[in-house]
Amino acid sequence: MRKIPLIIDTDPGIDDAVAISFAMFHPKVDLKLITTVAGNVSVDKTTENALKLVEFFGSDIPVARGCQEPLLKTLEDSSEIHGESGMDGFDFGTPTRKVLPEHAVEALRKTLLGSEEPVTLMPIAALTNIALLFKLYPETKSKVKEIVLMGGSLSRGNTTTAAEFNIFTDPEAAAILFESGVKITMIGLDVTSRAVLMQKEVEQIKTMNRAGEMFAALFSHYRGGSMKTGLKMHDVCALAAIVEPELFDFADTFVEIETGKGPANGATVADLKMKYHRETNSTVALDVHVEKFREWFLEMLEQTK
Ligand code: RIB
Ligand code: CA
């Protein structure tokens, strides 16, 4: 079975940690590179966290440090959700692995141009690195099979009424991607806020293996939902959409990013009724089969050693 060449662009981030961990061990995935960006916490911390995860699993997957600020906006982190470190709750120790010497954008370019086949990009953070890649090196677009991103919303936001965090953090970067012509699948809050783990699953994973023990410790500090309403597994939904798309319902549509400075800043406006007759520029996830997602989650954890 040919593996899917994959690059994850990320701001770990407790929910990012799950997505990265599962991707490392998925039999269908060839995880070629992890690039970090400022988002949940500073890029220094997101990079340190990516190295902690790679080291925890004894992996040699390269990590490259990316942008420390959005293209135009000032970073407003979400350490209140993930803790000051970005991955509070579990002591990983200080990683000995080193980050690549080149910037994430250079590492992305080198990996894409050096790949025999087009690569899937899985951004689960602000889209700053990818936007810069496309602007600096537009020739790399032809080496991107598709972008499957966690971000946006077809309804309300989680950072403002209108905007989801990853898009709100860098709306200009998101606009560059949605106008790039590259195939995009958007996994937004409508889906990821339903993809939740309840107390029952958290108790179950705690004793399943060392990854489950680590996740459970992180989840004790994760404020993306609650044990009462469920812990929102936002980012791993992007991986699920790549390796198990039947877990979701999708629609092709036209999405525009609001970059104005008003209260709608960062909104992902999907013309689902195609009222404006614009050419479709993305596929958006409409719903997730929650019970099947939970079964998939536990199956993934079993193989994440
Ligand atoms: O809105 C949820 C997204 O913002 C997730 O990617 C989470 O990690 C944060 O980055
Ligand atoms: Ca994230």
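Thresholds, definitions, all that
- Residues numbered from 1 in each chain as written.
- Chains lettered and ligands numbered in written order.
- Predicted model: local features only at pLDDT ≥ 70, side-chain atom pairs only at ≥ 80, totals over all residues.
- Heavy atoms only, no water.
- Helix = DSSP H or I, 4+ residues; strand = E, 2+ residues; numbered from the N terminus.
- Buried < 20%, exposed > 50% of the residue type's maximum accessible area, 1.4 Å probe, protein only.
- Contact = heavy atoms within 4.5 Å.
- Near = heavy atom within 4 Å.
- Areas by Shrake-Rupley, 256 points an atom, 1.4 Å probe, with all protein chains shown as cover.
- Arc of directions from axis to C-beta.
- Pairing = 2+ DSSP bridges.
- Core = buried A, V, L, I, M, F, W, Y, C linked by side-chain atoms within 4.5 Å.
- Donors = N, O, S within 2.8 Å, 3.2 Å for Na, K, Ca; no water.
- Right-handed = clockwise from strand over helix to strand, strands pointing away.
- Axes fitted to C-alpha atoms, helices over the stretch in contact; angles between N-to-C directions.

By secondary structure assignment, the location of L231 is in strand β9 (residues 230–232). Under the relative-accessibility criterion, L231 is labelled buried at 2%. Put simply, L231 and V202 are 29 residues apart on the chain and 9.1 Å apart in space, counted from C-alpha to C-alpha. Among all residues touching L231, those that are not within four sequence positions of it are A195, V196, L197, V202, F219, Y222, G224, G225 and S226.

Here the focus is the site of ligand 1. The environment of ligand 1 is made up of 13 residues, and the closest members are D15, D16, N158, E164 and D235. Across the complex, the protein chains shield 97% of the 280 Å² of accessible surface that ligand 1 would expose by itself. Mapped onto the shell around ligand 1, the elements with two or more residues apiece are α1 (14–25) and α6 (165–169).

We now examine helix α4 (residues 104–114). Every buried residue of α4 is listed here: A104, V105, A107, L108, T111 and L112. Axial view of α4: buried residues confined to an arc of 160 degrees, hence all on one face. Turned more than 90 degrees away from the buried face of α4, the exposed residues are K110 and G114. Tucked inside the fold, the buried residues of α4 contact β1 (4–10), β2 (29–36), β3 (63–65), β4 (119–123), α5 (128–136) and β5 (144–150).

Hydrogen bonds between backbone groups are what pair the strands of a sheet, and the pairing can be parallel or antiparallel. Taken in spatial order, the three strands line up as β7-β9-β8 in an open sheet, and their pairing is antiparallel. Pairing within the sheet leaves two strands with one partner each, and these edge strands are β7 (196–197) and β8 (225–226). Examined bridge by bridge, β7 and β9 share two bridges and lie antiparallel to one another. When the bridges of β9 are listed, V196 appears paired with K232.

Of all hydrophobic cores here, the largest spans 63 residues; its most connected members are F22, F219, M233, W296 and F297. Here F219 is in contact with I14, V18, L197, V202, I205, L231 and M233, once residues within four sequence places are set aside. L133, I167, V255 and V284 belong to the second-largest nonpolar core, a separate cluster that totals 32 residues.

At this site the calcium ion (ligand 2) is bound by D11 (OD), D16 (OD), D16 (OD), I124 (O) and D235 (OD), with donor distances of 2.3 to 2.6 Å. One chain supplies every donor for the calcium ion (ligand 2), spaced along it as D-x4-D-x107-I-x110-D. Taken together, the positions of I124 in the loop between β4 and α5 and D235 in the loop between β9 and α11 (236–243) put the pair 111 residues apart, joining distant regions of the chain. Accessibility expressed as a relative area gives 0% for I124, which makes it buried.

Before going further, it helps to spend a moment on the pairing of β2. Burial of β2 is extensive: six of the eight residues sit out of reach of the surface. Note: β1 against β2, seven bridges, orientation parallel. When the sheet's bridge partners are listed, I8 is paired in β2 with I34. After leaving β1, the chain enters α1 and then returns to the sheet as β2, a path that is right-handed. As a crossover connection, the stretch from β2 through helix α2 (residues 43–56) into β3 is right-handed.

The eight strands are arranged β3-β2-β1-β4-β5-β6-β13-β10 in an open sheet whose pairing can be described as mixed. Pairing within the sheet leaves two strands with one partner each, and these edge strands are β3 and β10 (248–253). Adjacent strand axes in the sheet meet at a mean angle of 25 degrees when their direction is disregarded. Here strand β6 (residues 184–187) pairs with strand β13 (residues 282–288) via two bridges, running parallel. Note on β13: the bridge partner recorded for M186 is V284. Along the sheet, α2 makes contact with β2 and β3, crossing β3 at roughly 175 degrees.

A few words now on the side chain of T304. Here T304 shows up in the segment after α12 (290–302). For T304, a relative accessible area of 0% gives the class buried. Among residues more than four places away in sequence, those in contact with T304 are S21, F22, F25, F57, N209 and A211.

Glancing now at helix α7 (residues 171–178). In terms of burial, α7 is largely enclosed, as eight of its eight residues are buried. Turning to α7, its buried residues are P171, E172, A173, A174, A175, I176, L177 and F178. In this structure, the buried side of α7 is in contact with α5, β5, α6, β6, β11 (255–257) and β13.

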